[in-house]
Amino acid sequence: MGVREELAEQGFAYAKAVFRPSELAGASAEFDTLIAAWSADDLDDPDYWSCPVDGTEEHSLYRIHRLESKTDWPRKLTCGPRFRELLAEVFRVPVKLTQCALTIKMPDAGVRVPWHRDPVEVAPGAVYNFSLYLDDSTPRNGCLYVLPGSHLSGDEMMTTMPAEAVPVPARAGDVVIHDVRVHHGSPQSKSHARRRAMVLEFRPDE
Ligand code: NI
């Protein structure tokens, strides 16, 4: 089954090893510099989103919003030929980037992302989120979980992750694509290492 068919049926799909580790080294280092700026505690930037880790008062960084305004790496990485091919395969029409962020699970403080559907009011099969992994992502470090096929269900959804949700582990360099309508979330990370993914929302450019 091809990526388009998987997206249509399941609401998510993998593209393995879209980037080699060497192609991500520069971006990885620069993203760590952005994260370190938040950790230095004197940052007053509304694009850095943090919240308390479950069961504690400790605030932890989970998202750097508008990443494209802080570094040129989103543009550089999405211009690569393999990524362009993937976009063409998924959409088959010209596209535009409508969201770009770095999602982060901090070491020993990787916050849970509540079960949700992305707040984009569109039909299934219209708008997709591409997660480009900088680090391996596993159930232990709070990988993405999705409910297969839920992009086709109506507006009702569970408020907590259902038992039928499946983990979507990934390796650094993989891209995971999901329909913004699919139900998804991620648990708290219990890892001592950080886990980062660059998330990009694309839609047809009409
Ligand atoms: Ni989401």
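Here, the structure is the one placed above.
Let me sum up the structure you'll find in this document. These numbers were taken from a predicted model, which means no experiment stands behind them.

## Quick notes on the nonpolar core
Inference 1: The biggest cluster of nonpolar side chains holds 39 residues, and the ones touching the most others in it are Phe31, Ile64, Val90, Phe130, Val175 and Ile177.
Inference 2: Apart from the residues within four sequence positions on either side, Val175 is in contact with Ala13, Tyr14, Ala15, Val18, Phe19, Phe83, Leu86, Phe130, Ser131 and Leu132.
Inference 3: The next biggest cluster of nonpolar side chains, apart from the first, holds 9 residues, and it includes Leu144, Val168, Ala170 and Val176.

## Details of the coordination of the nickel ion
Inference 1: The coordination sphere of the nickel ion, as far as protein atoms go, consists of His116 (NE2), Asp118 (OD) and His184 (NE2), spread over 2.1 Å.
Inference 2: Sequence spacing of the donor residues for the nickel ion, all on one chain, is H-x1-D-x65-H.
Inference 3: For Asp118, a relative accessible area of 13% translates into the label buried.

## A look at the sheet that holds strand 5 (residues 113–116)
Inference 1: Pairing is antiparallel across the open sheet formed by 4 strands, whose spatial order is 5-10-7-8. Each edge of the open sheet carries a strand with a single partner, namely strand 5 and strand 8 (166–168). Neighbour-to-neighbour, the strand axes of the sheet open up by a mean angle of 30 degrees, direction not taken into account.
Inference 2: Examined bridge by bridge, strand 5 and strand 10 (residues 184–186) share 2 bridges and lie antiparallel to one another. Each residue of the ladder has a partner; that of His116, found in strand 10, is His184.

## As for unusual backbone geometry
Inference 1: Even without glycine at this site, Arg66 takes up a positive phi of about 50 degrees.
Inference 2: Looking at where Arg66 falls in the secondary structure, it is placed in the loop between strand 3 (59–65) and helix 3 (73–78).
Inference 3: Its identity is not glycine, yet Asp108 carries a phi of approximately 60 degrees, on the positive side.
Inference 4: Structurally, Asp108 can be placed in the loop between strand 4 (95–105) and strand 5.
Inference 5: Of the residues examined, Asp108 reaches a relative accessible area of 49% and is grouped as partly exposed.

## Structural notes on the packing of helix 1 (residues 3–10) against helix 4 (residues 81–91)
Inference 1: Taken N-terminus to C-terminus, the directions of helix 1 and helix 4 make an angle of 55 degrees; their axes are 8 Å apart at the nearest point. Of the possible angle classes, the one that applies to helix 1 and helix 4 is oblique. Read as a crossing pair, helix 1 and helix 4 show a hand that is right-handed. From helix 1, Val3, Arg4 and Leu7 reach across to helix 4, where they touch Glu89, Val90 and Phe91.
Inference 2: Broken down by class, the residue content of the contact of helix 1 with helix 4 amounts to 4 nonpolar, no polar and 2 charged.

## Considerations on the environment of Arg82
Inference 1: Residue position: Arg82 is located in helix 4.
Inference 2: With residues up to four places along the chain from it excluded, the contact list for Arg82 reads Lys16, Ala17 and Val18.

## Considering a negative patch on the surface
Inference 1: Taken together, the side chains of Glu5, Glu9, Glu85 and Glu89 make up a negatively charged region of the molecular surface.
Inference 2: Mapped by element, the contributors of at least two residues to the negative patch are helix 1 and helix 4.
Inference 3: Classification of Glu89 as partly exposed rests on a relative accessible area of 37%.

Calculation criteria
Residues numbered from 1 in each chain as written. Predicted model: local features only at pLDDT ≥ 70, side-chain atom pairs only at ≥ 80, totals over all residues. Heavy atoms only, no water. Core = buried A, V, L, I, M, F, W, Y, C linked by side-chain atoms within 4.5 Å. Buried < 20%, exposed > 50% of the residue type's maximum accessible area, 1.4 Å probe, protein only. Contact = heavy atoms within 4.5 Å. Donors = N, O, S within 2.8 Å, 3.2 Å for Na, K, Ca; no water. Pairing = 2+ DSSP bridges. Helix = DSSP H or I, 4+ residues; strand = E, 2+ residues; numbered from the N terminus. Axes fitted to C-alpha atoms, helices over the stretch in contact; angles between N-to-C directions. Parallel < 35°, antiparallel > 145°, perpendicular 65-115°, else oblique. Left-handed = near helix turned anticlockwise from the far one by under 90°. Nonpolar A, V, L, I, M, F, W, Y, C, P; charged D, E, K, R; others polar. Patch = residues over 30% accessible without salt bridge, like charges linked within 9 Å, V, L, I, M, F, W, Y side chains within 5 Å. Areas by Shrake-Rupley, 256 points an atom, 1.4 Å probe, with all protein chains shown as cover. Salt bridge = Lys/Arg side-chain N within 4 Å of Asp/Glu carboxyl O. Lys, Arg positive; Asp, Glu negative; His and termini not counted. Charge placed at Lys NZ, Arg CZ, Asp CG, Glu CD.

Geometry only, nothing functional implied.
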